[in-house]
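If you want the building blocks of each chain, they are given just below.
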Amino acid sequence: MPNPKPAIIYDHPADEALDWLIEGNTQYVNRRQSTIISDRRVLLKAIKDGQKPYAIVVCCSDSRIIPEAIFDANIGDLFVIRVAGNVIDNHQLGSIEYAAEHLGTGLVVVLGHNHCGAVDAALYHKTDGYIQYLIKDIELAIGDEKDEFKACCLNVQHSCRKIEESLQIQKDEKEYGLKVVGAIYHMETGEVEFLD
């Protein structure tokens, strides 16, 4: 009979990781610049020692959104999953489950942002090609909402719900204390607003 899978032990409990993100964002906002360490030696150490990110961040592909800067984090601190409109499908769920199960990361943050082009497209534009798959998911999330900021919040909450529909995520929440939280990045100020 095969050995049972060992219990997950998160290197950083979800509440501790959330506190670090909040503190990191406060430091970023107060300094108005990032302190990301891009020294190659840090990367080589992370390669040698393996990755132990304290948070999973699902965020938009928008080139102006840099989670490591926003949260004053360094190489290896965040497991970042980027997709336009921070939508969730099986690929993102698989990546989240991988980080939670194999890297010991106990916090998932869905990070939306104001002035999101994907949300704007869902609100005001017809789309063709593969982008329509993203837009349809966002349209489902926002319903009849016409306010851009409220639509961004609804889209984040929708993605959080989709993550929590995963049976594996439900198990990890119940048994190991995994948390899923939503947040909005305010591009003008640099502040991250965590949603209830």
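Before reading further, recall that the structure is shown in the block above.
These figures come from a predicted structure and were not determined experimentally. (Residues numbered from 1 in each chain as written. Predicted model: local features only at pLDDT ≥ 70, side-chain atom pairs only at ≥ 80, totals over all residues. Heavy atoms only, no water.)

Observations regarding the overall build of the protein
Helix and strand counts for the protein come out as eight helices and five strands. Secondary structure elements of the protein occur, N-terminal to C-terminal, as α-α-β-α-β-α-β-α-α-α-α-β-β. Its C-alpha atoms give the protein a radius of gyration of 17 Å, near enough to 16 Å, the size a compact globule of 196 residues would have. Principal-axis analysis of the C-alpha atoms gives the protein an extent of 50 × 50 × 30 Å. Taking all 196 residues of the protein together, the buried fraction comes to 45%. Across the protein, contacts joining residues at least 24 apart in sequence account for 71% of those joining residues at least 6 apart. (Helix = DSSP H or I, 4+ residues; strand = E, 2+ residues; numbered from the N terminus. Rg over C-alpha atoms; globule rule 2.2 N^0.38 Å. Buried < 20%, exposed > 50% of the residue type's maximum accessible area, 1.4 Å probe, protein only. Contact = heavy atoms within 4.5 Å.)

Quick word on the sheet that holds strand 4 (residues 179-185)
Note on sheets: strands pair through backbone hydrogen bonds, and any given pair is parallel or antiparallel. Across the sheet, which stays open at both edges, the five strands sit in the order 2-1-3-4-5 with mixed pairing between neighbours. The open sheet terminates on both sides in strands that have one partner only, identified here as strand 2 (78-82) and strand 5 (192-194). With strand direction ignored, the average angle separating the axes of adjacent strands in the sheet is 25°. Bridge count for strand 1 (residues 55-59) against strand 3 (residues 107-113) is four bridges, and the pairing is parallel. Across the sheet, Cys-59 pairs through a bridge with Leu-111, a residue of strand 3. Its contacts with the sheet put helix 4 (residues 90-102) on strand 1, strand 2 and strand 3, and the angle it makes with strand 2 is roughly 175°. (Pairing = 2+ DSSP bridges. Axes fitted to C-alpha atoms, helices over the stretch in contact; angles between N-to-C directions.)

So, helix 7 (residues 148-164)
Taking 1.5 Å as the rise per residue, helix 7 with 17 residues should run 24 Å; its terminal C-alpha atoms sit 25 Å apart, in good agreement. Along helix 7, the residues classified as buried are Ala-151, Cys-152, Cys-153, Asn-155, Val-156, His-158, Ser-159, Cys-160 and Ile-163. If you follow the buried residues of helix 7, they end up packed against helix 4, strand 3, helix 5 (117-124), helix 6 (131-142), helix 8 (167-176) and strand 4. Looking at where helix 7 begins, the residue whose side-chain oxygen comes 3.2 Å from the main-chain nitrogen of Phe-149 is Asp-147. (Expected span 1.5 Å × (residues − 1). Polar contact = N/O pair within 3.5 Å; in protein donor to acceptor, adjacent residues only side chain to side chain.)

So, a nonpolar patch on the surface
Together, Leu-43, Leu-44, Ile-47 and Ile-75 make up a nonpolar patch on the protein surface, roughly 330 Å² of accessible area in all. Structurally, Leu-44 is set in helix 2 (residues 40-49). (Patch = residues over 30% accessible without salt bridge, like charges linked within 9 Å, V, L, I, M, F, W, Y side chains within 5 Å. Areas by Shrake-Rupley, 256 points an atom, 1.4 Å probe, with all protein chains shown as cover. Salt bridge = Lys/Arg side-chain N within 4 Å of Asp/Glu carboxyl O.)

Some thoughts on the pattern of salt bridges
This model, assessed by the stated rule, comprises seven salt bridges. Of the charged contacts in the structure, one is a salt bridge between Lys-48 and Asp-49, with a shortest N-O distance of 4.0 Å. When its relative accessible area of 73% is taken as the criterion, Lys-48 is described as exposed. Asp-49 sits in the partly exposed class, given a relative accessible area of 42%. Across the pair Glu-175 and Lys-171 runs a salt bridge whose closest N-O atoms are separated by 3.7 Å. You can see Glu-175 and its partner Lys-171 sitting in helix 8, four residues apart, about one turn around the helix. Classification of Glu-175 by relative accessible area gives partly exposed; the value is 47%. Among the charged side chains, a network of salt bridges with common partners joins Lys-45, Lys-48 and Asp-49.

Re the nonpolar core
Ranked by internal contacts, the top residues of the largest apolar core, which has 37 residues, are Ile-96, Val-108 and Ile-163. Broken down by secondary-structure element, the contributors of at least two residues to this core are strand 1, strand 2, helix 4, strand 3, helix 5, helix 6, helix 7 and strand 4. The leading source of residues in this core is helix 7, at six residues. Not counting the four nearest positions on each side in its chain, Ile-96 is found in contact with Ile-56, Val-58, Ile-81, Ile-88, Val-108, Ile-163 and Ile-169. Counting residues in hydrophobic clusters, the runner-up holds 23 residues, among them Ala-14, Leu-18, Val-109 and Tyr-185. (Core = buried A, V, L, I, M, F, W, Y, C linked by side-chain atoms within 4.5 Å.)

Looking at the state of the cysteines
Following the criterion strictly, the structure yields zero disulfides and no others. Free of any disulfide, Cys-59 has its nearest cysteine sulfur in Cys-60, 7.3 Å distant. Judged by relative accessible area, which is 0%, Cys-59 ranks as buried. No disulfide involves Cys-60; its sulfur sits 4.1 Å from the nearest other cysteine sulfur, which is in Cys-116. (Disulfide = S-S within 2.5 Å.)

Such coordinate-based values are descriptive only and should not be taken to indicate function.
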